[in-house]
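Understanding the architecture of this molecule
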Amino acid sequence: MGYAGYAPGNRVADKLTPFQQALRSLPLDKAQETLELIEKLTRNVVRNPGEEKFRRINLSNPKISAAIADVPFAVDVMREMGWVQDADALLLPQSVHLAHEREVVGIIDAKDHHKKEEENERRRQMVARKGVSAEKDAVLQQMETGDRKSTRLNSSHLCNL
């Protein structure tokens, strides 16, 4: 039993911050790959806040382009963190300080959220497939039952003749 008679884990869900909303808006099929890269880029900035090379992301780089520039809402996530879009790059101004507790932990939470959503989607697809199978089984059952009834009717009809 938890504090004041409440069971542990009974928390009221906090309202999502704009950053968390942006992270969760990523498409499910690209989310893990995108979040991995964003986490790596963010960790580099957190560990080396003064390094200019980590404060500039070249969007024309094929790997960056595939995971960020070409993924819907991924650039919005970066903007929400403080990145500013230039012609072909994202820049993080010196006035913006990324924190492990805020950005990196938020990204990790989003990865967990998307992983759960992927599992839920797999379950929904399995249930849908089983639903089709269940419908098919029900039709086969009806056909079999219907055949038995017609056989009984025919045999009883034959007896009456």
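Attention in this report is confined to the structure presented alongside it. (Residues numbered from 1 in each chain as written. Predicted model: local features only at pLDDT ≥ 70, side-chain atom pairs only at ≥ 80, totals over all residues. Heavy atoms only, no water.)

1. A word on the overall build of the protein chain
Tallying secondary structure elements over the protein chain gives five helices and three strands in all. Each helix (α) and strand (β) of the protein chain, taken in turn from the N terminus, gives the series α-α-β-α-α-β-β-α. Taking all 161 residues of the protein chain together, 26% fall into the buried category. In the protein chain, the share of contacts with a sequence separation of at least 24, taken over all contacts with a separation of at least 6, comes to 69%. About 11,300 Å² of surface is accessible on the protein chain, with carbon and sulfur atoms providing 54% of the total. (Helix = DSSP H or I, 4+ residues; strand = E, 2+ residues; numbered from the N terminus. Buried < 20%, exposed > 50% of the residue type's maximum accessible area, 1.4 Å probe, protein only. Contact = heavy atoms within 4.5 Å. Areas by Shrake-Rupley, 256 points an atom, 1.4 Å probe, with all protein chains shown as cover.)

2. Quick word on the pattern of salt bridges
Taken as a whole and assessed by the stated rule, the structure comprises six salt bridges. Measuring nitrogen to oxygen at the nearest pair gives 2.9 Å for the salt bridge that ties R43 to E39. Taken as a pair, R43 and E39 lie in helix α2 (residues 31-47) at a separation of four residues, close to a single helical turn. The partly exposed category is assigned to R43, whose relative accessible area is 23%. Here E121 makes a salt bridge to R124, at a shortest N to O gap of 3.1 Å. Highlighted residues: E121 and R124, both in helix α5 (residues 100-160), separated by three residues, approximately one helical turn. (Salt bridge = Lys/Arg side-chain N within 4 Å of Asp/Glu carboxyl O.)

3. Quick word on helix α3 (residues 62-69)
The α-helix winds at 3.6 residues per turn, so residues separated by three or four positions along the chain end up facing the same way. The complete set of buried residues in α3 reads I64, S65, A67 and I68. Against α2, β1 (56-58) and α4 (74-81) lie the buried residues of α3. Two or three places before K63, at the start of α3, stands the capping residue N61, its side-chain oxygen 2.9 Å from that residue's backbone nitrogen. (Polar contact = N/O pair within 3.5 Å; in protein donor to acceptor, adjacent residues only side chain to side chain.)

4. Focus on the packing of α3 against α4
Relative orientation and spacing of two packed helices are given, respectively, by the angle between their axes and the distance between those axes. For the pair α3 and α4, interaxial distance at closest approach is 8 Å and the crossing angle is 90 degrees. Compared by their axis directions, α3 and α4 come out roughly perpendicular. Taken together, the residues of α4 that come into contact with α3 (itself represented by A67, I68 and A69) are A74, V75 and M78. Along the lines of polarity and charge, the residues of the contact of α3 with α4 split into six nonpolar, no polar and no charged. (Axes fitted to C-alpha atoms, helices over the stretch in contact; angles between N-to-C directions. Parallel < 35°, antiparallel > 145°, perpendicular 65-115°, else oblique. Nonpolar A, V, L, I, M, F, W, Y, C, P; charged D, E, K, R; others polar.)

5. Side note on the packing of α2 against α3
The interhelical angle for the contact between α2 and α3, taken along N-to-C directions, is 115 degrees, at an axis separation of 8 Å. Our pair here, α2 against α3, has a crossing hand that is left-handed. Contact residues: E33, T34, L37, I38 and L41 in α2; K63, I64, A67 and I68 in α3. Looking at the contact of α2 with α3 residue by residue, the class counts come to six nonpolar, one polar and two charged. (Left-handed = near helix turned anticlockwise from the far one by under 90°.)

6. Things to note about a nonpolar patch on the surface
A surface patch of nonpolar side chains, about 270 Å² in accessible area, is lined by V139, L140 and M143. Mapped onto the elements, M143 comes out in helix α5. Take M143: its relative accessible area is 48%, and that puts it in the partly exposed class. (Patch = residues over 30% accessible without salt bridge, like charges linked within 9 Å, V, L, I, M, F, W, Y side chains within 5 Å.)

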